[in-house]
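These are the residues of each chain, in order.
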Amino acid sequence: MNLQKEWQKQELLDAEDALAHRPLEEEYAFYNAVSSGDICYVQENCRQNTFASPNGMGVLSPDPITNMKYHFVVTVAMVVRHCVEAGMELEQAYRLSDFYILKMDACTSISAICRLHDSMVLDYTGKMLLLKKENVISKPVIRCMDYIYDHLNSRITIEALAEYTKLSPSYLSRLFKKELGVAISNYINEKKIEKAQHLLKYSDYSLIEIANYLAFSSQSHFIQAFKKAVGLTPKKYRDKFYRTTW
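Conventions and cut-offs
- Residues numbered from 1 in each chain as written.
- Predicted model: local features only at pLDDT ≥ 70, side-chain atom pairs only at ≥ 80, totals over all residues.
- Heavy atoms only, no water.
- Helix = DSSP H or I, 4+ residues; strand = E, 2+ residues; numbered from the N terminus.
- Expected span 1.5 Å × (residues − 1).
- Buried < 20%, exposed > 50% of the residue type's maximum accessible area, 1.4 Å probe, protein only.
- Arc of directions from axis to C-beta.
- Contact = heavy atoms within 4.5 Å.
- Phe/Tyr/Trp six-rings, centres within 6.5 Å; stacked < 30°, edge-to-face > 60°.
- Lys NZ or Arg CZ within 6 Å of the ring centre and 35° of its normal.
- Salt bridge = Lys/Arg side-chain N within 4 Å of Asp/Glu carboxyl O.
- Axes fitted to C-alpha atoms, helices over the stretch in contact; angles between N-to-C directions.
- Parallel < 35°, antiparallel > 145°, perpendicular 65-115°, else oblique.
- Left-handed = near helix turned anticlockwise from the far one by under 90°.
- Nonpolar A, V, L, I, M, F, W, Y, C, P; charged D, E, K, R; others polar.
- Patch = residues over 30% accessible without salt bridge, like charges linked within 9 Å, V, L, I, M, F, W, Y side chains within 5 Å.
- Areas by Shrake-Rupley, 256 points an atom, 1.4 Å probe, with all protein chains shown as cover.

A. Representation of helix α10 (residues 184-202) within the structure. For α10, spanning 19 residues, the distance from its first C-alpha to its last is 27 Å, which sits close to the expected 27 Å at 1.5 Å a residue. If you check which residues of α10 are buried, you get I184, Y187, I188, K191, K192, I193, A196, H198, L199, L200, K201 and Y202.

B. Local environment of helix α8 (residues 158-165). When α8 is considered as a whole, its buried residues turn out to be L161, A162 and T165. Summarising the axial view, the buried residues of α8 lie within an arc of 100 degrees, below the 170-degree limit, and thus occupy one face. Those residues of α8 that are exposed and aimed more than 90 degrees away from the buried face are E159 and E163. Buried positions along α8 lie against α7 (139-150), α9 (169-180) and α10. Directly beyond the C-terminal end of α8, a positive phi value near 60 degrees is found at K166.

C. Region of the structure containing the packing of aromatic side chains. Scanning the model with the defined rule gives nine aromatic pairs in all. Taken together, a centroid distance of 5.4 Å and an interplanar angle of 75 degrees make the contact between F226 and Y237 edge-to-face. On the criterion of sequence distance, the pair formed by F226 in helix α12 (residues 219-230) and Y237 in helix α13 (residues 234-241) is long-range, its members being eleven residues apart. For Y237, a relative accessible area of 4% gives the class buried. Pairwise contacts between aromatic rings join F216, F222, F226, Y237 and F241 into one cluster. Directly above the aromatic system of Y164 lies the positively charged group of R143, at a separation of 4.2 Å from the ring centroid.

D. Region of interest: the pattern of salt bridges. Under the criterion given, the structure shown has five salt bridges. In this structure, R95 engages E91 in a salt bridge whose closest nitrogen and oxygen atoms are separated by 3.3 Å. Taken together, the positions of R95 and E91, both in helix α5 (residues 90-105) and four residues apart, correspond to about one turn of that helix. In this structure R95 comes out as exposed when scored by relative accessible area, which is 58%. Residue class for E91 comes out partly exposed when judged on its relative accessible area of 40%. Where K127 meets D123, a salt bridge forms, and the shortest distance between an N and an O atom there is 2.5 Å. With a gap of four residues between them, K127 and D123 both fall in helix α6 (residues 110-133), about one helical turn apart.

E. Spotlight on unusual backbone geometry. The residue N49 is not glycine, and still its phi comes out positive at about 55 degrees. Structurally, the position occupied by N49 is in the loop between α3 (39-47) and α4 (64-85).

F. Up close: the packing of α5 against α6. Contact pair α5 / α6: the axes reach a minimum separation of 10 Å and the direction vectors enclose 165 degrees. Regarding the angle of α5 to α6, the classification is roughly antiparallel. Where α5 crosses over α6, the handedness of that crossing is right-handed. Facing Q92, A93, L96, S97, Y100, K103 and M104 of α5, the residues of α6 in contact are I113, L116, S119, M120, D123, Y124 and K127.

G. Expanded view of the packing of helix α2 (residues 24-36) against α6. Following both chains from N to C, one finds α2 and α6 inclined at 50 degrees, their axes separated by 6 Å at the closest point. Viewed along their axes, α2 and α6 adopt a mutual orientation that is oblique. Mapping the contact onto sequence places F30, A33, V34, S35 and S36 in α2 and H117, V121, Y124, T125, M128 and K132 in α6. Each residue belonging to the contact of α2 with α6 can be placed in one class, and the counts come to six nonpolar, four polar and one charged.

H. Local environment of a nonpolar patch on the surface. A contiguous nonpolar surface patch, about 280 Å² in accessible area, is contributed by L60, Y70 and V74. Here L60 shows up in the loop between α3 and α4. Under the relative-accessibility criterion, L60 is labelled partly exposed at 44%.

I. How the structure looks around the side chain of N45. Along the chain, N45 turns up in helix α3. Residues in contact with N45, not counting those within four places in the same chain, are F30 and T50.

Limitation: the analysis is restricted to geometry and does not speak to function.
Below is the structure:
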């Protein structure tokens, strides 16, 4: 039997078994969380044992342990590519990948592979989080960045940040601009637009739902701010990039 016929037979069997892989948006969201340093998202993913769940996991080997090892390698490869695209140094990303794959190769149980997987993705996520902060000098600015990241779905004011850091609004504004080279209000807008891009690529939320989630005053305000920052309307951006960026 040639490969084409063998594939056609296997495809029929898979269709009859109704085996479906995980939705692409779930995978995109996970890899984006790792590469953006979203520790909370990745920790929750690990807590739910998503990697170990057989639901949506393809069969790459009839042997369960080998199958899990293959999926581990695939995950590492995708994590490396996303992190490099997000700014991680190429050689560091690959050396870390080699380290974890060698560790995984010595694993003799599925539980050990899953524990190593969680350690690996949290390691990359932590390094990306540090990379995001590496040029920041003062603790108040770091706290501001963390607060903004954690409250993108709220209306964030300079007064709230000043109260959070126990500094005056004017001093905090000057310090933030000096260290990051951008005004606080512009930085907040940039992060909201980045989150909007992610949601437009990897979710099915409507424009009004995204605008409301990110606490824009209206859908028209969201569209105006997005077009000014990205050069495309949210609709055109989704039409161009939805589920296409790997």
